[in-house]
Amino acid sequence: MNRTTVSLIAGVAALAAVTGFASMSEPDTSGTDTAKAAAQLPVERTSLLCPAPSTSDLAETAYTSFTPVAEGTGDDGAAELTAAGEESADGKTDADKGDKKDDGKDGKEKAVLTPKEPGKPVTSEASGAESPALVGTAEGRFAPGWTVQQTTEIAAGSGRGLLGTNCTAPDTEFWFPGASTAKERTDYAHLTNPDDSAAVADIELYGKDGALKSTVGEGIQIPPHSSEAVLLSTLVDEPQTNLTVHVTVRSGRVAAAVQAIDDKLGGDWLGPSTDPAGSLVLPGIPKDATSVRLVAFAPGDADADLKVRLASPNGPITPAGNETLHIKAGMTAAIDLGDVTRGEAGSLMLTPTGRPTPVVAALKVTRGKGDKQETAFIPATGPVDTRATAADNRSKGSTLSLVAPGRAAKVKVTASAGSGGGTAASKTYTIKGGTTQNVELPVPSGLKGTYALTVEPQSGGPVYAARMLEESSGGVPMFTVQTLPDDRGTVEVPDAAQDLSVLQK
């Protein structure tokens, strides 16, 4: 995904204020120690957007907001999620006017979530098919590491299952390998615009033979503070089993997510893959997965050849018959790995067999058998650099997977206080190199409600993380998996006296 590069010469203060959307290169310190004067400061403002959860009247959706306690934030700040499209002509939302639940006109309840303090989750609920997309902003002490989880349970009908997604920050480019327009699938691309002006986006689709011609996906208008859901099957003439969706924004910014609904296998949200890279990690495959499909795409002009390995609890394993994957340039490739985890925790590691070629990838994971199956998706994700958080964990049904693809790593995991009460707890784990561990969670004592899990690497090599939520309903093993990339809760701000050019991208 593209990041907005903010000129440091134009003003360091502006950078700290918009760090939710900005990024900076690691300074090159060779031959100089000027970068040593740079400080890591908490971000001052960030935005998150949640897609409309479901079109099912049976949908029950829970929203959970959490901000970790951070040093150096001061005592001021606020955070709020409001229904998209609820801004009035005078520029104020209904939340600004104090109307939290009902506008008094159409009788529909608005999902509005207002966190009270960092370190303690806040929850809200919504029911039915009319629940809107949400637009949220956090400032001051609520901004660093702000995380919102959207979890929807659908008991029956199309898309039945547990659908979960992390509400995401707006951006200008997204990759979604793993989408489909097959007859049994109904996939929508949800585009949400947080800004005061309209956004314009394009949706490109790539199948096994390359780009699919479509003019319908060009120049999609997303009005201010609104969300649009685009049915992917309307963009192509013929069904495609394995698709890569590429969302690019011509004007403005959007948050994007793909909702994948299967007639027989339930459904879930497909989050965006991390930026195209030569090596990728897809963490947190359930140990009882009955089917795992890898879908990958090479967006450049060169073919990609990848070595496929599973990081098991005992070390790397090469799946028999699927040792490598060849991806032609501009085409989507897929391989079925079956029950690759065989009853143990696992994460997929993709590395180049030769010269690295940037790729994006995701996994479609199935649990259960027969008519009691459920699916979820695991996109490739980035490592946890400083901190990452998963909200909406319950006393039962939460699994945290940690993988160290290279060197061993020591990791601290903190369970927050509960949304209804309880005392925070922490544990430290050592993850051996090349392994995945489903760790025993430090559940808060006296837990009431839900809690958040915060992951902080302490030493060693890179760490990747994912959290699975699961429930059983009518014999169906409902589940959803969210990856935990770094929360980018801090920004590197140089000392005013140092040479700023070393920090420019």
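Preceding block: the structure.
S.K.: Help me get a handle on the pairing of strand β8 (residues 161-166), residues and values and all.
M.R.: With six of six residues buried, β8 is to be regarded as a mostly interior element. The alternating pattern of β8 places Gly161, Leu163 and Thr165 on one face and Leu162, Gly164 and Asn166 on the opposite face, and all of these are buried. Two strands pair when backbone bridges link them, and strand β7 (residues 147-154) and β8 are joined in this way by six bridges, in the antiparallel orientation. Bridge pairing in β8 places Thr152 opposite Leu163. In textbook terms, the turn of a hairpin is the stretch between consecutive antiparallel strands, and for β7 and β8 this stretch comprises six residues, one of which, Gly157, has a positive phi near 85°.

S.K.: Residues and numbers for the sheet that holds strand β31 (residues 425-431), please.
M.R.: Pairing is antiparallel across the open sheet formed by four strands, whose spatial order is β27-β34-β29-β31. At either end of the open sheet lies a strand with only one pairing partner, and these are β27 (388-393) and β31. If you compare each strand with its neighbour and ignore which way they point, the axes differ by 20° on average.

S.K.: Explain unusual backbone geometry to me, using residue names and the numbers behind them.
M.R.: With phi around 50°, Arg342 is a residue other than glycine that occupies positive phi space. Counting through the fold element by element, Arg342 comes out in the loop between β23 (332-338) and β24 (346-352). Residue classification places Arg342 among the exposed positions, given a relative accessible area of 67%. Not every positive phi belongs to a glycine, and Arg488 is a case in point at roughly 50°. Positionally, Arg488 belongs in the loop between β36 (476-483) and β37 (490-493). On the accessibility criterion, Arg488 (29% relative accessible area) is partly exposed.

S.K.: Run through the state of the cysteines, naming residues and quoting values.
M.R.: Taken as a whole and judged by the stated rule, the model has one disulfide. Cys50 shares a disulfide with Cys167; S-S distance 2.0 Å. Disulfide Cys50-Cys167: the torsion about the S-S bond is 110°, which places it as right-handed. Residue Cys50 is located in strand β2 (residues 45-50), and its partner Cys167 is located in the loop between β8 and β9 (173-179); the two are separated by 117 residues in the primary sequence.

S.K.: A description of the sheet that holds strand β26 (residues 374-379) should follow, citing residues and the corresponding values.
M.R.: Read across the open sheet, the four strands follow the order β23-β19-β25-β26; overall the sheet is antiparallel. Each edge of the open sheet is held by one strand with a lone partner, namely β23 and β26. Averaged over all neighbouring strand pairs, the angle between strand axes comes to 20°, with direction disregarded. Two strands pair when backbone bridges link them, and strand β19 (residues 291-297) and strand β25 (residues 360-367) are joined in this way by seven bridges, in the antiparallel orientation. Following the sheet pairing, Arg293 is matched in β25 by Lys364.

The rules we used
- Residues numbered from 1 in each chain as written.
- Predicted model: local features only at pLDDT ≥ 70, side-chain atom pairs only at ≥ 80, totals over all residues.
- Heavy atoms only, no water.
- Buried < 20%, exposed > 50% of the residue type's maximum accessible area, 1.4 Å probe, protein only.
- Helix = DSSP H or I, 4+ residues; strand = E, 2+ residues; numbered from the N terminus.
- Pairing = 2+ DSSP bridges.
- Axes fitted to C-alpha atoms, helices over the stretch in contact; angles between N-to-C directions.
- Disulfide = S-S within 2.5 Å.

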